[in-house]
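Remarks on the overall topology
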Amino acid sequence: MKSKLAAAYTAAMLLVTAGAALAAGGFQLTSPAFTAGDAIPVRYTCDGSGISPPLAWQGVPSGTQSLALIVDDPDAPHGTFVHWVLYNLPAAMTHLAPDITSSTGAPQFGTNSHGDAAYTGMCPPSGVHHYHFKLYALDARLPAQGHLTKAELLHAMRGHELGEAELVGLYRRQ
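Report on the accompanying structure. Quantities reported herein were computed from a predicted structural model and do not represent experimental measurements.

Digging into the overall build of the protein chain
Along the backbone of the protein chain there are two helices and eight strands. Written out in order from the N terminus, the α and β elements of the protein chain read α-β-β-β-β-β-β-β-α-β. Residue pairs at least 24 apart in sequence account for 72% of intrachain contacts in the protein chain once pairs closer than 6 positions are excluded. Of the roughly 8,700 Å² of accessible surface on the protein chain, a fraction of 57% belongs to carbon and sulfur atoms.

So this is what it looks like as structure tokens:
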């Protein structure tokens, strides 16, 4: 019963947050593949082809010079698992197509928790996990110094954040 209440509370909070952003006409992150609080399709996970999902955004704050994306799983059993780090996305960019790789001319890739400069599909060991897609609007381009980790990127972004948009999707292994 407790898990059903927790799931209902999470879903309600996601709807409230999404509704507030829409009402304010603010910075918003969405995906044509799944909606906030819903299941991420198998295609974008280790149970499918493990490609990165498509994303879209609007309402980028004025003065934005670049965007950064972090996708992580705070429900991972050994601490937050980072699935994807991208930065120096052009400010005029409004979406990412599915299956973005470093060979597709994507922006600067950071290092995920596997130590790869790539997207790693969702693959929770058990239960439902919450995957946080966070898009940051920055007032500067960041120095292209190798493949930054999530911690290094957050440090480099400090003082440059103009806005943040978040999309949370769920996944349970097949």
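Details of the sheet that holds strand S3 (residues 66-73)
Ordered by their spatial adjacency, five strands build an open sheet running S6-S4-S3-S7-S8, and the pairing between neighbours is antiparallel. This sheet does not close on itself; its edge strands, each paired only once, are strand S6 (108-109) and strand S8 (161-171). As paired elements, strand S7 (residues 129-138) and S8 share ten bridges and run antiparallel to each other. Each residue of the ladder has a partner; that of Tyr-136, found in S8, is Glu-164. The strands touched by helix H2 (residues 150-157) are S3, strand S4 (81-90), S7 and S8; relative to S3, the strand with the most contacts, the crossing angle is about 145 degrees.

Some words on the side chain of Gln-28
For Gln-28, the location among the structural elements is in strand S1 (residues 28-30). Given a relative accessible area of 12%, Gln-28 falls into the buried group.

Concerning the pairing of strand S2 (residues 55-58)
Here S2 shows one buried face, formed by Leu-55 and Trp-57, and one open face, formed by Ala-56 and Gln-58. In terms of strand pairing, S2 meets strand S5 (residues 95-96) through two bridges, oriented antiparallel. If you follow Ala-56 over to S5, its bridge partner there is His-95.

Some points on the pattern of salt bridges
Per the counting criterion, the structure on display carries two salt bridges. Residues Asp-47 and Arg-173 are paired through a salt bridge, measuring 3.1 Å at the closest nitrogen-oxygen approach. Linking Asp-47 in the loop between S1 and S2 with Arg-173 in the segment after S8, this pair joins segments that are 126 residues apart in sequence. When its relative accessible area of 27% is taken as the criterion, Asp-47 is described as partly exposed. In this structure, the salt-bridge partner of Asp-72 is Lys-150, at a minimum N-O distance of 2.5 Å.

Considerations on the side chain of His-83
Position of His-83 among the secondary structure elements: in strand S4. If near-sequence neighbours (up to four positions away) are discounted, His-83 is found in contact with Val-71, Asp-72, Asp-73, Asn-112, Ala-118, Tyr-119, Thr-120, Gly-121, Met-122, Cys-123 and Tyr-131.

What counts, and at which threshold
- Residues numbered from 1 in each chain as written.
- Predicted model: local features only at pLDDT ≥ 70, side-chain atom pairs only at ≥ 80, totals over all residues.
- Heavy atoms only, no water.
- Helix = DSSP H or I, 4+ residues; strand = E, 2+ residues; numbered from the N terminus.
- Contact = heavy atoms within 4.5 Å.
- Areas by Shrake-Rupley, 256 points an atom, 1.4 Å probe, with all protein chains shown as cover.
- Pairing = 2+ DSSP bridges.
- Axes fitted to C-alpha atoms, helices over the stretch in contact; angles between N-to-C directions.
- Buried < 20%, exposed > 50% of the residue type's maximum accessible area, 1.4 Å probe, protein only.
- Salt bridge = Lys/Arg side-chain N within 4 Å of Asp/Glu carboxyl O.

Geometric values such as these leave the question of function open.
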